[in-house]
Amino acid sequence: MKKILIVEDESLVAHHLKLILNGAGYKVSGIADSVPEALSAIEDQKPDLVLLDIHLKGSLNGIDLAKQLTESNIPFVYLSANFQGTLLEEAKSTLPYGFLVKPFREHDLLTTLDVAFYRYRNSQASRQLQEMELDTKVKEIRALNIDIKQKLMAVARTLQPHVPFDYLNIFIRKAGEGIITSLGFYRIGFDEYQLIGDDEFININGLNHQKLLDIYASMPQIARSGLFNARGFSGLYQDNPLTNIIANTYETTSALFFPVLQNESTTIRYEFYNRKDDSYTRQHITLLSRLQYAISNIFEDCHHSPGKTTPQIVVPAEKQISHVGTQDHALRFDGIIARSPSMLSVLDHIAIVAPVDTSVLILGESGTGKEKIAKSVHALSARKLKPLVIVNCAALPANLIESELFGHEKGAFTGAAERRTGKFELAHKGTIFLDEIGEMPLDLQVKLLRALQEHEIERIGGNSPIKIDVRIIAATNRNLEVEMEEGRFRLDLYYRLFVFPIVVPPLKERPEDIVALIESFIGHYAKKYNKAVTGVTPAVLDKLIDYPWPGNVRELENYIDRSVLLSRDKLITEMYLPKYIHQSTVPEPVGRLKTIEENERDYILDVLKKCNGRIRGANGAAEVMGLPPTTLHSKMKRLGIK
Ligand SMILES: Nc1ncnc2c1ncn2[C@@H]1O[C@H](COP(=O)(O)OP(=O)(O)OP(=O)(O)O)[C@@H](O)[C@H]1O
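Conventions and cut-offs
Residues numbered from 1 in each chain as written. Predicted model: local features only at pLDDT ≥ 70, side-chain atom pairs only at ≥ 80, totals over all residues. Heavy atoms only, no water. Near = heavy atom within 4 Å. Polar contact = N/O pair within 3.5 Å; in protein donor to acceptor, adjacent residues only side chain to side chain. Areas by Shrake-Rupley, 256 points an atom, 1.4 Å probe, with all protein chains shown as cover. Nonpolar A, V, L, I, M, F, W, Y, C, P; charged D, E, K, R; others polar. Buried < 20%, exposed > 50% of the residue type's maximum accessible area, 1.4 Å probe, protein only. Helix = DSSP H or I, 4+ residues; strand = E, 2+ residues; numbered from the N terminus. Pairing = 2+ DSSP bridges. Phe/Tyr/Trp six-rings, centres within 6.5 Å; stacked < 30°, edge-to-face > 60°. Lys NZ or Arg CZ within 6 Å of the ring centre and 35° of its normal. Axes fitted to C-alpha atoms, helices over the stretch in contact; angles between N-to-C directions. Contact = heavy atoms within 4.5 Å. Lys, Arg positive; Asp, Glu negative; His and termini not counted. Salt bridge = Lys/Arg side-chain N within 4 Å of Asp/Glu carboxyl O. Parallel < 35°, antiparallel > 145°, perpendicular 65-115°, else oblique. Left-handed = near helix turned anticlockwise from the far one by under 90°.

1. What about the site of the ligand?
Then step 1. Around the ligand, the surrounding shell holds 18 residues, and the nearest of these are Ile 337, Ser 366, Gly 367, Lys 370 and Glu 557.
Then step 2. Here Ile 337 contributes a backbone N or O atom positioned 2.8 Å from a nitrogen atom of the ligand.
Then step 3. Contact between the ligand and Gly 367: an oxygen atom at 2.9 Å from a main-chain N or O atom of the residue.
Then step 4. Across the complex, the protein chains shield 88% of the 630 Å² of accessible surface that the ligand would expose by itself.
Then step 5. Here the shell around the ligand is built from residues that sort into five nonpolar, six polar and seven charged.

Dropping the structure here:
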């Protein structure tokens, strides 16, 4: 029987919860109304899950307790009447296994717990696997016959998907040996890093050796690991001159410091820096703590000449910044082009989740590459030799989706002249990709949930369930949290799918990718049309970088395709982009600004008008916008365009 601790300061609510939980077959191991009481109850009773109110008696609140629960790896679900603004953000950052908003129904409570236990089991299994694999990899690196810098580079690459960084600084101080130095790894591609030794650091930042030594000497002792997100980060770099320089040069806004070895004479510290300001959580520290032994052993192989008394820079620096790594990630990831930090981190996520066999939810605007990502996850998984079945939920009329997904028996309904095998059965042992899952009708969401939970489906008109072994990858361009609030998407299904989310940023937020994609598409279409086109003029490039790309990569690809076909020169000299972009440079009229949805609606209406209302086919609105007609249809439906 699973044990649950209730941490709640309103005793009426706590006793009501206890009744429901006992009735549902859980054992309530205790009720606590403050953080200290909860901590001692956890110590005594070892609950399987904690149900946690945010507002508690005493000076500490539920979020303070949650941080400790995350560290001790005890799953918890928040329960509160008020989750507004920064409180919600703070609560989310503690990585809860569920949220319940008071007042709630009994059914919601039980579903949330069910989902929380499911997610916990799932994350435990994949976390253990990950930790074991990482530990083995680091040990293998130590055994390699390469120098210490190469070993550290290999460790940095291995850690990247798990503790993401744009810049990793390894700070080393061995007082007894007179060593004080640091080694930086700056990410410049999927598996590409610049190795920055002291000399490079001096050159890049306009310092000299003495100045760098002074900086090292003034570094504060940081004996414990720490997370420095957002405001914490500004506090950190005010006290730490090295961090200050790194933050300015590499535009980082968060950090995680982890001492691998720390005693009176020696400090070896990993300092992870990221451009995103909320990148690090306690789970990263927990993971590093588990790997600490393996990582610190690498440094045992680092021998320096004894007897040096004055601090000096000992890691021999390259004369030039070395580029280490491979450029072939596009091949590995099903042709996904990625150069921006945010897309590189999407590739990291693909590499982590592909082999784990868990559900994946891909979130992003239309045309950002969600389907490509789904294909890549499948291709890198153990199911790669089995089918990947793609279903576009938006393209099917509501009354046909069920039969499309689950199949039907002959005569199940009027028109069912033959038995039909559904997509789930076709995907047996493989993967099903449910594109535009936000469009799925509510009644079908229940059936999908059952397929996910029980691994079985039932054909329409059938009378026995069929066992299926299918991995689900779902994608949507909708905001599912809003869909849930408005009752169009089920909370329980959301949490089942949300086990591993991958968020794909819109193209306009990743200019580095625009450039890389242009290069790649020109190469592709020049070959396809046997043209000698090799690039675009600088003026066209500027125009392409400025354009807001509402149709994202698909739109960019369509324009390049057409331009290569029409181009008579080696360089593309003109690109006719839709007019409304140029309007964006005109000052906004005074008064209310339009919402993104209103702009999108106007844009679609404008294009439809120019295409005489035609959606499909050559020169139809869908083609002009670089969208599949089905996606345009669903956008029109959402925006109320008839
Ligand atoms: N990073 C990328 N590298 C190379 N090609 C890409 C990339 N992202 C998208 N594409 C290309 O852009 C087009 C649209 O991508 P895709 O169909 O995967 O987008 P999507 O997000 O699934 O769109 P929708 O939501 O409309 O279904 C495809 O031709 C795809 O090959």
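2. Observations regarding the pairing of strand β10 (residues 254–262)
Then step 1. Counting buried positions along β10 gives seven out of nine residues, so the element sits mostly inside the fold.
Then step 2. Where strand β9 (residues 226–228) and β10 come together, three bridges link them in antiparallel fashion. Opposite Gly 226, over in β10, you have Phe 257 as the bridge partner.
Then step 3. Of the strand pairs in this sheet, β10 and strand β11 (residues 266–274) are connected by eight bridges, and their pairing is antiparallel. Of the residues in β11, the one forming a bridge with Phe 257 is Glu 271.
Then step 4. In this antiparallel pair of consecutive strands, β10 and β11, the connection spans three residues.

3. Overview of the pairing of strand β17 (residues 431–435)
Then step 1. For β17, the tally of buried residues reaches five of five residues, placing the bulk of the element in the interior.
Then step 2. Alternating positions in β17 separate into two faces, Thr 431, Phe 433 and Asp 435 on one and Ile 432 and Leu 434 on the other, with burial throughout.
Then step 3. Where β17 meets strand β20 (residues 471–476), four bridges bridge the pair, whose relative direction is parallel. Following the sheet pairing, Thr 431 is matched in β20 by Arg 471.

4. Things to note about the packing of aromatic side chains
Then step 1. Counted according to the given criterion, the structure contains 21 aromatic pairs.
Then step 2. When the centroid spacing of 5.8 Å and the interplanar angle of 25° are considered together, the rings of Tyr 78 and Phe 99 count as stacked. Residue Tyr 78 is found in strand β4 (residues 76–80), and its partner Phe 99 is found in strand β5 (residues 98–101); the two are separated by 21 residues along the sequence.
Then step 3. Aromatic side chains Tyr 97 and Tyr 120 sit 5.6 Å apart centroid to centroid with 80° between the ring planes, which places their arrangement in the edge-to-face category. Linking Tyr 97 in the loop between α4 (85–93) and β5 with Tyr 120 in helix α5 (residues 106–143), this pair joins segments that are 23 residues apart in sequence.
Then step 4. Its relative accessible area of 18% is what places Tyr 120 among the buried residues.
Then step 5. Taken together, the aromatic side chains of Tyr 167, Tyr 186, Phe 228, Phe 233, Tyr 250, Phe 257 and Tyr 273 make up a single cluster linked through ring pairs.
Then step 6. The positively charged end of Arg 496 is found above the aromatic ring belonging to Tyr 118, 4.1 Å away from the centroid.

5. Examining the sheet that holds strand β1 (residues 3–7)
For sheets, the rule is that strands pair by backbone hydrogen bonds, running either parallel or antiparallel.
Then step 1. Spatially, five strands are ordered β2-β1-β3-β4-β5 in an open sheet, and the strand pairing comes out parallel. Of all strands in the sheet, those with a lone pairing partner are β2 (27–32) and β5, marking the two edges. The average angle at which neighbouring strand axes cross in this sheet is 20°, direction not considered.
Then step 2. Where β1 and strand β3 (residues 49–53) come together, four bridges link them in parallel fashion. In the sheet register, Val 7 faces β3, and the bridge partner there is Leu 52.

6. Some thoughts on the sheet that holds β20
Then step 1. Strand order in the open sheet formed by five strands is β14-β17-β20-β13-β21, with parallel pairing between adjacent strands. In the strand order of this sheet, the two ends are held by β14 (388–392) and β21 (501–503), each with one partner. Averaged over all adjacent pairs, the angle separating strand axes in this sheet is 15°, with direction ignored.
Then step 2. With four bridges connecting them, strand β13 (residues 360–363) and β20 associate as parallel partners. Opposite Leu 363, over in β20, you have Thr 476 as the bridge partner.
Then step 3. Seen against the sheet, helix α13 (residues 341–353) touches β13, β20 and β21 and runs at an angle of roughly 160° to β21.

7. Some words on the environment of Asn 248
Then step 1. Along the chain, Asn 248 turns up in helix α10 (residues 241–250).
Then step 2. Its relative accessible area of 55% is what places Asn 248 among the exposed residues.
Then step 3. For the pair formed by Asn 248 and Asn 205, sequence separation is 43 residues and the distance between their alpha carbons is 9.7 Å.

8. Re the side chain of Asp 561
Then step 1. Locating Asp 561 in the fold gives a position in helix α22 (residues 552–566).
Then step 2. Comment: no salt bridge for buried Asp 561; closest opposite-charge side chain is Lys 528, at 4.9 Å.
Then step 3. Among all residues touching Asp 561, those that are not within four sequence positions of it are Tyr 525 and Tyr 529.

9. Structural notes on the packing of helix α20 (residues 511–528) against α22
Then step 1. Relative to each other, α20 and α22 sit at 40°, their axes nearing to 9 Å. Here α20 is positioned oblique relative to α22, judged by the angle of their axes. By crossing handedness, the relation of α20 to α22 is classed as right-handed. Counting all contacts with α20, which are made through Ile 514, Leu 517, Ile 518, Phe 521, Ile 522, Tyr 525 and Ala 526, the residues of α22 involved are Val 553, Leu 556, Glu 557, Ile 560, Asp 561 and Val 564.

10. Overview of the pattern of salt bridges
Then step 1. Applying the stated criterion across every chain yields a total of 26 salt bridges.
Then step 2. Between Asp 357 and Arg 383 there is a salt bridge, with the nearest N and O atoms lying 2.8 Å from each other. Here the residue Asp 357 occupies a position in the loop between α13 and β13, and Arg 383 occupies one in the loop between α14 (370–379) and β14, the gap between them amounting to 26 residues.
Then step 3. Classification of Asp 357 as partly exposed rests on a relative accessible area of 41%.
Then step 4. Of the residues examined, Arg 383 reaches a relative accessible area of 8% and is grouped as buried.
Then step 5. Residue Arg 450 pairs with Glu 458 through a salt bridge whose shortest N-O separation is 3.8 Å.

11. Describing α10
Then step 1. Every buried residue of α10 is listed here: Leu 242, Thr 243, Ile 245, Ile 246, Ala 247 and Tyr 250.
Then step 2. One or two steps after α10, the chain reaches Glu 251, where phi turns positive at roughly 55°.

12. Description of the side chain of Glu 436
Then step 1. Tracing the sequence through the fold places Glu 436 in the loop between β17 and α17 (442–454).
Then step 2. One buried charge, Glu 436, has no salt-bridge partner; the nearest side chain with opposite charge is Lys 370, at 6.1 Å.
Then step 3. Once you skip the residues sitting within four places of it in the chain, Glu 436 turns out to touch Asn 392, Cys 393, Ala 394, Ala 475, Thr 476, Asn 477, Thr 631 and Ser 634.

13. Focus on the packing of helix α3 (residues 62–71) against helix α11 (residues 282–298)
Then step 1. Following both chains from N to C, one finds α3 and α11 inclined at 30°, their axes separated by 9 Å at the closest point. Classified by the angle their axes make, α3 and α11 are roughly parallel. Along this stretch, α3 crosses α11, giving a crossing that reads as right-handed. Residue-level contacts link Lys 67, Thr 70 and Glu 71 of α3 to Arg 282, Gln 283 and Thr 286 of α11.

Function cannot be inferred from these measures alone, as they are strictly geometric.
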